Amino acid sequence: MPRIAIAGFQHETNSLSPVMTDLAAFEMADSWPGLLTGEDVITQTRGMNLPIAGFAEAARAAGADLIPILWCAAEPAGHVSDTAFDEIAGRIVAGVHAAGDIDMLYLDLHGAMITQSDADGEGALLVRLRAEFGSKLPIGVSLDLHANVSARMVDLADTICIFRTYPHLDMAETGARAFARLMACFRSGRPQKAFRKADFIVPLHAQHTGAEPARSLYARLYDDAAAHVELALGFSAGDTPDRVPSVLAYAQTQGQADALVETTFAALNEARGFFDTTLLDAGEAVRAAMAHSGRGPVVLVDVQDNPGAGASSDTTGLLRALVAAGAGDVLMGLFHDPTLAARAHEAGTGAEIEGALGGRSGVRGDSPFAGNFHVEALSHGQCRYTGEMYGGGTATLGPSAVLSPIGTGIRIVVTSIRNQCLDLGHFAHFGLDPAAARIVCVKSTAHFRAAFEPIAATVIPVASPGLFPCRISPLDPAGPLASV
Ligand SMILES: [Zn+2]
């Protein structure tokens, strides 16, 4: 059976974030495990909804011999430092060398990495690998649905598979598809490929595949044993010309690959005007939530402060609107404020502390929320995911607390490590039940939908200050930061 080296190096870079992504960010655990090496790449991801886990499982079932090198991912933030990129890329290159004779290489990448010196991090990694190992080694890649796919990536990888769901429920499945396509390269030779990029940006909250037009675009992608089409919708906050939707096709003949790309490209262009980009201002959204009388909570989505898109997860605009409107029976998560979380731990459960929550990331129009808080619950922050997207995994929140501004009826999960609020376990971990609340506020863009839509009366995306602008037409030329 073939010998396949495997590695993962994931980052979604938000060019608007002032927080550099350094090596430590790849080494630490957050929403996903910390940096893994050797056999841990397989054993510590087994059963998780991750591309490399799906690839490894499919390879194991087929009897392939895997040589795991490393896997790492950092929470989305600003540019990846050249030091971090050089270190991790160098370790992957060294690992492939150490693997000896291999038949193939698989890479679990995001596809929207920007380093200090290259706006196409994945392309830069592939350049290094091709320089070391030549053009003959079959290289298969899996990418996120929010990949900003470059022509260089398409040129240097023999086959690319891309998630087809947002929320990303098919990450492991995409890894398994990548295994099948890479095996086809090995056995039958490289496919012909075709590639086209759109000339418009789709805001992320409009990309979710539970709604049109994304649902139909993905449902209709061509896929058979010898040919397939892949579609990435792009990540708008990555400052690169590649941050627009991409269509790729692979087939046995160039003619078929070209024809397949054109069919999906035409459908994408027809869909252009139908992505639902609606966002309400915070005050308007809170009024709508308070007026709602359906069963289950109204979920208010702080889309522009989603740490999963590189935002700080600490802006206070939606909280202020809730307090101003007198909205009670509210759960909010996840606020990133290590200082206040530490003070809550010092004071203990049941204590009252005076302090200021969040608002420290330099976002224009944002400031800390000062007041007295009741410490309702504490945790060291190892939180099991319970939902479909990350179930089986563990969120590392760091020392965390449930804080309630006195007299408001608002309970806020405050963490020491940035994590996107996308799983009911983030609240249940503290004994809180989102289904029983009147209003639930999540700092997420669309991933929350998998877990929260089934319990929600309705979902309202909100535009509050944040480092991840989703009202991108017209884009504010000054950007979201106050001081740059
Ligand atoms: Zn994504």
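Residues numbered from 1 in each chain as written. Predicted model: local features only at pLDDT ≥ 70, side-chain atom pairs only at ≥ 80, totals over all residues. Heavy atoms only, no water.

(A) Spatial organisation of the nonpolar core. Within the largest apolar cluster, 94 residues are counted, with the highest numbers of intra-cluster contacts made by I4, I6, F55, L268, V299 and F452. Looking at this core, you find at least three residues from each of domain 1 (3-271) and domain 2 (280-463). Judged by nonpolar contacts, the second largest core, of 44 residues, contains L125, L129, A147 and V149. (Core = buried A, V, L, I, M, F, W, Y, C linked by side-chain atoms within 4.5 Å. Buried < 20%, exposed > 50% of the residue type's maximum accessible area, 1.4 Å probe, protein only. Domains from an automatic or database assignment.)

(B) Just the UniProt feature "domain: Microcystin LR degradation protein MlrC N-terminal" (unreviewed entry) in the protein chain, in detail. As annotated by UniProt and renumbered to match this structure, "domain: Microcystin LR degradation protein MlrC N-terminal" (unreviewed entry) occupies residues 3-290. Between the C-alpha atoms that bound residues 3-290 there is a distance of 59 Å. The span itself is 38% helix and 18% strand. (UniProt positions renumbered as here; feature names shortened; annotations may be inferred. Helix = DSSP H or I, 4+ residues; strand = E, 2+ residues; numbered from the N terminus.)

(C) Inspection of the packing of aromatic side chains at higher detail. Inspection of the entire model under this criterion finds 10 aromatic pairs. An aromatic cluster of three or more residues is present, and its members are W32, W71, Y385 and Y390. One residue, K443, lies across the ring of F335, its end atom 4.5 Å from the ring centre. (Phe/Tyr/Trp six-rings, centres within 6.5 Å; stacked < 30°, edge-to-face > 60°. Lys NZ or Arg CZ within 6 Å of the ring centre and 35° of its normal.)

(D) Broad picture of the UniProt feature "domain: Microcystin LR degradation protein MlrC C-terminal" (unreviewed entry) in the protein chain. Listed under "domain: Microcystin LR degradation protein MlrC C-terminal" (unreviewed entry) in the UniProt record, and renumbered for this structure, are residues 300-471. Here residues 300-471 is 16% helix and 32% strand, with 16 Å between the C-alpha atoms at its ends.

(E) Spatial organisation of the packing of helix α4 (residues 82-98) against helix α5 (residues 121-133). At their nearest, the axes of α4 and α5 sit 10 Å apart, and the two run at 35° to each other. Both α4 and α5 take part in a crossing whose hand is right-handed. Facing F85, D86, A89, I92, V93, V96 and H97 of α4, the residues of α5 in contact are G121, A124, L125, R128, L129, E132 and F133. Taken together, the residues of the contact of α4 with α5 sort by class into nine nonpolar, two polar and three charged. (Axes fitted to C-alpha atoms, helices over the stretch in contact; angles between N-to-C directions. Left-handed = near helix turned anticlockwise from the far one by under 90°. Contact = heavy atoms within 4.5 Å. Nonpolar A, V, L, I, M, F, W, Y, C, P; charged D, E, K, R; others polar.)

(F) Looking closely at the sheet that holds strand β9 (residues 246-251). Read across the open sheet, the three strands follow the order β7-β9-β8; overall the sheet is antiparallel. In this open sheet, the two strands that pair with only one neighbour each are β7 (192-197) and β8 (228-232). Between one strand axis and the next, the sheet turns by 15° as a mean value, whatever way the strands run. Relative to β9, β7 runs antiparallel, the two sharing six bridges. In the sheet register, F195 faces β9, and the bridge partner there is L248. (Pairing = 2+ DSSP bridges.)

(G) Spatial organisation of the coordination of the zinc ion. The protein atoms donating to the zinc ion are D144 (OD), D144 (OD), H146 (ND1) and H168 (NE2), with metal-donor distances spanning 2.1 to 2.7 Å. Taken together, the four donor atoms surrounding the zinc ion define angles of 52 to 140° at the centre, an arrangement classified as irregular. Each donor residue of the zinc ion lies on the same chain, and together they follow the pattern D-x1-H-x21-H. Highlighted residues: D144 in the loop between β5 (139-143) and α6 (151-156) and H168 in the loop between β6 (159-162) and α7 (171-188), separated in sequence by 24 residues. Here D144 falls in the buried class, since its relative accessible area comes to 7%. (Donors = N, O, S within 2.8 Å, 3.2 Å for Na, K, Ca; no water. Tetrahedral: all angles 85-135°; square planar, octahedral: opposite > 155°, others 65-115°.)

(H) Local environment of the domain arrangement of the protein chain. Domain annotation for the protein chain reports domain 1 (3-271) and domain 2 (280-463). Here the C-alpha centre of domain 2 lies 31 Å away from the C-alpha centre of domain 1. On the domain 2 side, the residues contacting the 23 residues of domain 1 number 24 residues. Put simply, domain 1 and domain 2 have zero salt bridges between them. Inspection of the region where domain 1 meets domain 2 yields six residue pairs in polar contact (both at pLDDT 80 or more). Across the side of domain 1 that touches domain 2, the residue classes tally to 12 nonpolar, eight polar and three charged. (Salt bridge = Lys/Arg side-chain N within 4 Å of Asp/Glu carboxyl O. Polar contact = N/O pair within 3.5 Å; in protein donor to acceptor, adjacent residues only side chain to side chain.)

(I) Local environment of the environment of V414. Inspection of the secondary structure assignment puts V414 in strand β18 (residues 410-415). Separated by 12 residues in the primary sequence, V414 and H426 have C-alpha atoms spaced 10 Å apart. With near-sequence residues (within four places) excluded, V414 lies in contact with F335, D337, A341, L357, P399, S400, A401 and L403.

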